[in-house]
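Each chain, letter by letter, is given below.
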Amino acid sequence: MSEPINNNQTHTPAPEPAPAPAAAQQLAERTFTQAELDAIVGRRVTKAMKGMPDDAELTAFRAWKESQQTEKERWDTLQKERDESKTALAEALARVEQFEREKILLGKGVKPDDVDYYAFKIGKLVNETTDFEKAAETYLKEHPLAGTVQVEFAAPLGGGQPAKNVNETMNDLIRGYRK
């Protein structure tokens, strides 16, 4: 027949095996006091900083390294600074000379728009014996400024007719004018 069902029965699971001794130690957590933590951290920091120099040692090392710079390196540094100074001085002197030349030409009546052209042309005539001002006087006599009239006070030769230059003579021959 049938057996009665017992609802009040509880099922108990099988017991687990006992943990191993090493696992038991891992399960138990250890707590540390602040003093113990400070001691542990202090030992580790001391161990890590064992080969590291302090600030005074670093400063001394940098000073030593700078003093060990070779004489050639110091000489090269000085030469570089000297060359930079020479270049800057040459540029400044060139600008001053250009301004002086412009002042001379403006004083002689050259238009401000034409100063650069005349300064260039006259600059080619400057040498050891002729300075810019003398070269400017010579050039401006030979090449009068635009807009000025050059008056010649010499009397024409040959019966009141002005003498013709080679260019005018050639033009006359081409056009068929005969004398």
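Residues numbered from 1 in each chain as written. Predicted model: local features only at pLDDT ≥ 70, side-chain atom pairs only at ≥ 80, totals over all residues. Heavy atoms only, no water.

## Quick look at the overall build of the protein chain
Next up, step 1: Counting its regular elements, the protein chain contains 7 helices and 0 strands.
Next up, step 2: Each helix (α) and strand (β) of the protein chain, taken in turn from the N terminus, gives the series α-α-α-α-α-α-α.
Next up, step 3: Across the 179 residues that make up the protein chain, the buried fraction comes to 8%.
Next up, step 4: Within the protein chain, contacts between residues separated by at least 24 positions form 34% of all contacts whose residues are at least 6 apart in sequence.
Next up, step 5: Element-wise, carbon and sulfur atoms account for 56% of the exposed surface of the protein chain, whose accessible area totals about 16900 Å². (Helix = DSSP H or I, 4+ residues; strand = E, 2+ residues; numbered from the N terminus. Buried < 20%, exposed > 50% of the residue type's maximum accessible area, 1.4 Å probe, protein only. Contact = heavy atoms within 4.5 Å. Areas by Shrake-Rupley, 256 points an atom, 1.4 Å probe, with all protein chains shown as cover.)

## Comments concerning the packing of aromatic side chains
Next up, step 1: Under the criterion given, the structure shown has 3 aromatic pairs.
Next up, step 2: Considering the side-chain rings of Tyr118 and Tyr139, the 6.1 Å spacing of their centres and the 80 degrees angle between planes classify their relative orientation as edge-to-face. In this pair, Tyr118 is assigned in helix α5 (residues 115–123) and Tyr139 in helix α6 (residues 132–142), connecting sequence segments 21 residues apart. Accessibility assignment for this pair places Tyr118 and Tyr139 in one class, buried. (Phe/Tyr/Trp six-rings, centres within 6.5 Å; stacked < 30°, edge-to-face > 60°.)

## Section: the nonpolar core
Next up, step 1: Within the largest apolar cluster, 12 residues are counted, these being Leu105, Val110, Val115, Tyr118, Ala119, Ile122, Phe132, Ala135, Ala136, Tyr139, Leu140 and Leu145.
Next up, step 2: Elements represented by at least two residues in this core include exactly α5 and α6.
Next up, step 3: A per-element tally of this core places α6 first, with 5 residues. (Core = buried A, V, L, I, M, F, W, Y, C linked by side-chain atoms within 4.5 Å.)

## So, the side chain of Asp172
Next up, step 1: The residue Asp172 is located in helix α7 (residues 166–175) in this model.
Next up, step 2: Setting aside its immediate chain neighbours within four residues, Asp172 contacts Lys164 and Tyr177.

## Observations concerning the packing of α5 against α6
Next up, step 1: Between α5 and α6, the least distance of the axes is 9 Å, while the angle of their chain directions is 105 degrees. Considered as vectors, α5 and α6 are oriented roughly perpendicular to each other. Contact residues: α5 offers Tyr117, Tyr118, Ala119, Lys121, Ile122 and Gly123, while α6 offers Phe132, Ala135, Ala136, Tyr139 and Leu140.
Next up, step 2: Here the contact of α5 with α6 is composed, by residue class, of 9 nonpolar, 1 polar and 1 charged. (Axes fitted to C-alpha atoms, helices over the stretch in contact; angles between N-to-C directions. Parallel < 35°, antiparallel > 145°, perpendicular 65-115°, else oblique. Nonpolar A, V, L, I, M, F, W, Y, C, P; charged D, E, K, R; others polar.)

## Overview of the packing of helix α4 (residues 71–107) against α6
Next up, step 1: Closest axis-to-axis distance for the α4/α6 pair is 11 Å, and the angle between their directions is 35 degrees. Read as a crossing pair, α4 and α6 show a hand that is right-handed. Listed contacts from α6 to Arg101, Ile104 and Leu105 of α4 are Phe132, Glu133 and Ala136.
Next up, step 2: A per-class count over the contact of α4 with α6 returns 4 nonpolar, no polar and 2 charged. (Left-handed = near helix turned anticlockwise from the far one by under 90°.)

## Some remarks on the pattern of salt bridges
Next up, step 1: If you walk through the whole model with that rule in mind, you get 5 salt bridges.
Next up, step 2: Arg30 serves as the salt-bridge partner of Glu36, at 3.8 Å between the closest nitrogen and oxygen.
Next up, step 3: A relative accessible area of 30% places Glu36 in the partly exposed class.
Next up, step 4: Note that Lys108 and Glu137 form a salt bridge whose closest N and O atoms lie 3.6 Å from each other. Highlighted residues: Lys108 in the loop between α4 and α5 and Glu137 in helix α6, separated in sequence by 29 residues. (Salt bridge = Lys/Arg side-chain N within 4 Å of Asp/Glu carboxyl O.)

## Considering the side chain of Arg101
Next up, step 1: Mapped onto the elements, Arg101 comes out in helix α4.
Next up, step 2: Overall, Arg101 belongs to the buried group, its relative accessible area being 15%.
Next up, step 3: If we skip the residues at most four places from it in the chain, Arg101 touches Ala119, Gly123, Val126 and Phe132.

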